[in-house]
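Here's the letter readout for the chains.
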Amino acid sequence: RTERKTARGYKGFQVFAAPEVTLEEDLARRDLTINAIARAEDGTLIDPFGGQADLQAKILRAIGVPFRVRVAELDESLRPGEDAPRAAERLAQAKALAVAATESRPVLAADTLVVCEGEVLGKPASADEAIHMLRRLSGRDHEVVTGVCLVAQGVPRCGLERTTVSFAPMSDEEIAAYVATGEPM
């Protein structure tokens, strides 16, 4: 459906709902970016207004810090022999410095890695990879390592947070339902 505001208040809308309204037209009418996310038939997310980035930024928004999201284009591969804590902090600093090179305001960046049985698990690239990863994590503890870096006036200040996560056992049905949300990918 599409909507057009025609008057003040919540009653001043003209609504058009018909099969010829495209998904993109429907998403464009949403009042919040996070309400303008949909899943295509092939499982990919349609996110024309950056709602996923807004969800990830909810902490800064909640405390009232004005910000904008910039993505650093860089290789996030781990170096040979590099452990998760060093990699997370290095990647956070690389992201912050890359964006800070074109910004006059402070830049905050982070990188998070999941470690299970000593192995760094990357972000799943597909539903099948997400299912495999969730089955591996189901019913066991794993470590989440997050590197953060703040660059202000050209000076990087970096840190690291480590958390042990106890993952409840998940059935195949629960895993499939969670993967269907797109969140693990």
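Along each chain, residue indices are assigned from 1 in the same order as the chain's sequence is written. Local features in this predicted model are restricted to residues whose pLDDT is 70 or higher, and side-chain atom pairs enter the listing and the counts only when it is 80 or higher, whereas totals over whole chains, interfaces and linings include all residues. Neither water nor hydrogens contribute to the side-chain values; these are computed over all heavy atoms in the structure.

Novice: Explain the environment of V151 to me, and be specific about the residues and the numbers.
Specialist: Within the secondary structure, V151 sits in strand β7 (residues 141–152). Only protein chains enter the area calculation, which uses a 1.4 Å probe; residues under 20% of their type maximum are buried, those over 50% are exposed, and those in between are partly exposed. Residue class for V151 comes out buried when judged on its relative accessible area of 3%. As a C-alpha pair, V151 and V107 span 44 residues in sequence and 5.2 Å in three-dimensional space. Those residues within four positions of V151 in sequence are excluded, and the remaining contacts are A96, L97, A100, R105, P106, V107 and P156. Runs of H or I in DSSP of at least four residues are treated as helices and runs of E of at least two as strands, each being numbered from the N terminus. Only heavy atoms matter for contacts: two residues are in contact if any of them lie within 4.5 Å across the pair.

Novice: Could you give an account of the sheet that holds strand β5 (residues 107–116), naming the residues involved and the relevant values?
Specialist: Pairing between strands is defined by DSSP: at least two bridges between them are needed. Spatially, β6-β5-β7-β8 is the arrangement adopted by the 4 strands of the open sheet, whose pairing is antiparallel. Of all strands in the sheet, those bounded by a partner on one side alone are β6 (119–121) and β8 (155–166). Each adjacent strand pair in this sheet contributes to an overall mean axis angle of 30 degrees, direction not counted. One ladder, built from 9 bridges, connects β5 with β7; its direction is antiparallel. Directly across from T112, in β7, lies its bridge partner T146. Axes here refer to lines fitted to C-alpha atoms; in helices the fit is confined to the stretch in contact. Angles between the N-to-C directions go from 0 to 180 degrees.

Novice: Give me the lowdown on the nonpolar core, citing residues and values where you can.
Specialist: What tends to happen in soluble globular proteins is that the nonpolar side chains get buried as a cluster. To define a nonpolar core, start from buried Ala, Val, Leu, Ile, Met, Phe, Trp, Tyr and Cys residues and group those joined through side-chain atoms within 4.5 Å. Judged by nonpolar contacts, A72, A92, A96, V99, A100, V107, A109, C149 and V151 together constitute the single largest core of 9 residues. When contributions to this core are tallied by element, the ones reaching two or more residues are α4 (84–100), β5 and β7. Ranked by residue count, the leading element in this core is α4, at 4 residues.

Novice: Talk me through the pairing of β8; I want residue IDs and the actual numbers.
Specialist: In the sheet, β7 pairs with β8 via 12 bridges, with the strands oriented antiparallel. Note on β8: the bridge partner recorded for E143 is T164. Joining the antiparallel neighbours β7 and β8 is a turn of 2 residues, in which Q153 adopts a positive phi near 55 degrees.

Novice: How would you sum up the confidence of the model for the chain? Please name residues and give values.
Specialist: pLDDT measures the predictor's confidence residue by residue and takes values from 0 up to 100. Here the chain shows a mean pLDDT of 81. Residues at 70 or above account for 70%. Within the chain, the lowest mean pLDDT, 51, falls on strand β1 (residues 2–5), and the highest, 96, falls on α4.

Novice: Break down the side chain of R90 for me, with residues and values.
Specialist: On the secondary structure map, R90 appears in helix α4. Classification of R90 as buried rests on a relative accessible area of 18%. When neighbours within four sequence positions are excluded, R90 is seen to be in contact with S77, L78, R79 and E82.

Novice: Describe in detail the pattern of salt bridges, supporting the description with residues and values.
Specialist: Each salt bridge in this description consists of a side-chain nitrogen of Lys or Arg and a carboxyl oxygen of Asp or Glu lying within 4 Å of one another. Taken as a whole, this structure holds 10 salt bridges when the rule is applied. Across the salt bridge formed by E117 and R136, the nearest N and O atoms sit 3.9 Å from each other. Of this pair, E117 sits in the loop between β5 and β6 while R136 sits in helix α5 (residues 127–137); the two residues are 19 residues apart in sequence, bridging distant segments of the chain. The partner of R135 in a salt bridge is D172, with the nearest N and O atoms 3.3 Å apart. Taken together, the positions of R135 in helix α5 and D172 in helix α6 (residues 172–180) put the pair 37 residues apart, joining distant regions of the chain. On the accessibility criterion, R135 (48% relative accessible area) is partly exposed.

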